[in-house]
Amino acid sequence: MSRCQLYLITPPRIDAGFAELLDSVLAEGVASVLQLRLKDQPENQLPGLIPPLVKAAKRHGVTVLMNDRPDLAVHYGMDGVHVGQEDAPYAQARAAVGKTGIVGVTCHDSRHLAMTAAEKGADYVAFGAMYPTATKSPKASASVDIIEWWSEVFEVPCVAIGGITPENASPVIEAGADFIAVSGGVWNHPAGPVEAVRAFGALLSAR
Ligand SMILES: Cc1ncc(COP(=O)(O)OP(=O)(O)O)c(N)n1
Ligand SMILES: Cc1nc(C(=O)O)sc1CCOP(=O)(O)O
Ligand SMILES: [Mg+2]
């Protein structure tokens, strides 16, 4: 069984200083994937904000994915895109990022959605929300059972998302998640983002 990895998600809105904070967080060497999820950012600010984030990810050897927008993933030279059930359809995302690009798909708490996404060729399926979260109003809540089932039956990696913190991540990791996707559990951690990723690092390397 491969070790669970940290999949970091940006806050929904950032300022120009965020790239420096991100750099210090990625320098800890804990996160292996970064998703740019700038849901609350005015579109006209994206050209100024995205390139330094992509550069920071590449500098630290971190895979960088765009949320929702295959077009932006391609435009800014990212590794791929994450799409939800109401975003660009899988085929459109795949056509944009190509065979070697990464396409991840939200599957909520649905085995059916996950099997469909995997059959189409998704690089990973995401289940959530595992815990209550202040980052968004999730469509569903998922239990560790679906993570356990998926990881026992399928080869396609699974991501667990929603309300995950260093304090509550253990059952999700033990269930077999290939990745834990985290936003607030890093950026809003009371000890600060760098301490939070260190805590995730300690958890993940203990297994
Ligand atoms: C890794 C990961 N999993 C799930 C989501 C949620 O995507 P979606 O359902 O499209 O919701 P928004 O993120 O667009 O609000 C995700 N972003 N990343
Ligand atoms: C973006 C997102 N998608 C979810 C899903 O259930 O599909 S939960 C979620 C929020 C992730 O942020 P945090 O780590 O702060 O809870
Ligand atoms: Mg989406």
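Keep in mind that what you see is a predicted model, and the values were worked out from it rather than measured.

Enquirer: Give me helix H1 (residues 18-26): which residues, what numbers.
Expert: Along H1, the positions that sit buried rather than exposed are Leu22, Val25 and Leu26. Taken end-on, H1 shows its buried residues confined to a sector of 90°, consistent with a single buried face. In this structure, the buried residues of H1 make contact with strand E2 (31-36), helix H2 (46-59), helix H8 (184-187) and helix H9 (193-205).

Enquirer: Describe the packing of H1 against H2, with residues and values.
Expert: In the contact formed by H1 and H2, the axes pass within 9 Å of each other and the chain directions differ by 15°. In terms of axis orientation, H1 runs roughly parallel to H2. By crossing handedness, the relation of H1 to H2 is classed as right-handed. Contacts from Ala19, Leu22, Asp23 and Leu26 in H1 reach Pro52, Leu53, Ala56 and Ala57 in H2. Residues that form the contact of H1 with H2 fall into these classes: seven nonpolar, no polar and one charged.

Enquirer: Describe the site of ligand 2, naming the residues involved and giving the relevant values.
Expert: Close to ligand 2 lie 16 residues, the nearest being Gly128, Thr133, Thr135, Gly162 and Gly184. Looking at the shell around ligand 2, its residues break down into six nonpolar, nine polar and one charged.

Enquirer: How would you explain the site of ligand 1 if you had to name every residue and give the values?
Expert: Around ligand 1, 16 residues are found, and the nearest of them are Gly84, Thr106, Ala126, Ile161 and Ala181. Taken together, the elements giving at least two residues each to the shell around ligand 1 come down to strand E5 (102-106), strand E6 (124-128) and strand E7 (158-161). Classifying every residue of the shell around ligand 1 gives four nonpolar, seven polar and five charged.

Enquirer: Account for the UniProt feature "domain: Thiamine phosphate synthase/TenI" (unreviewed entry) in the protein, with residues named and values stated.
Expert: The positions that UniProt labels "domain: Thiamine phosphate synthase/TenI" (unreviewed entry) are, in the present scheme, residues 6-185. Between the end C-alpha atoms of residues 6-185 the distance is 11 Å, and the span holds 36% helix and 21% strand.

What counts and what doesn't
- Residues numbered from 1 in each chain as written.
- Chains lettered and ligands numbered in written order.
- Predicted model: local features only at pLDDT ≥ 70, side-chain atom pairs only at ≥ 80, totals over all residues.
- Buried ≥ 20, exposed ≤ 12 C-beta atoms within 10 Å, placed from the backbone.
- Helix = DSSP H or I, 4+ residues; strand = E, 2+ residues; numbered from the N terminus.
- Arc of directions from axis to C-beta.
- Contact = placed C-beta atoms within 7 Å.
- Axes fitted to C-alpha atoms, helices over the stretch in contact; angles between N-to-C directions.
- Parallel < 35°, antiparallel > 145°, perpendicular 65-115°, else oblique.
- Left-handed = near helix turned anticlockwise from the far one by under 90°.
- Nonpolar A, V, L, I, M, F, W, Y, C, P; charged D, E, K, R; others polar.
- Near = placed C-beta within 6 Å.
- UniProt positions renumbered as here; feature names shortened; annotations may be inferred.

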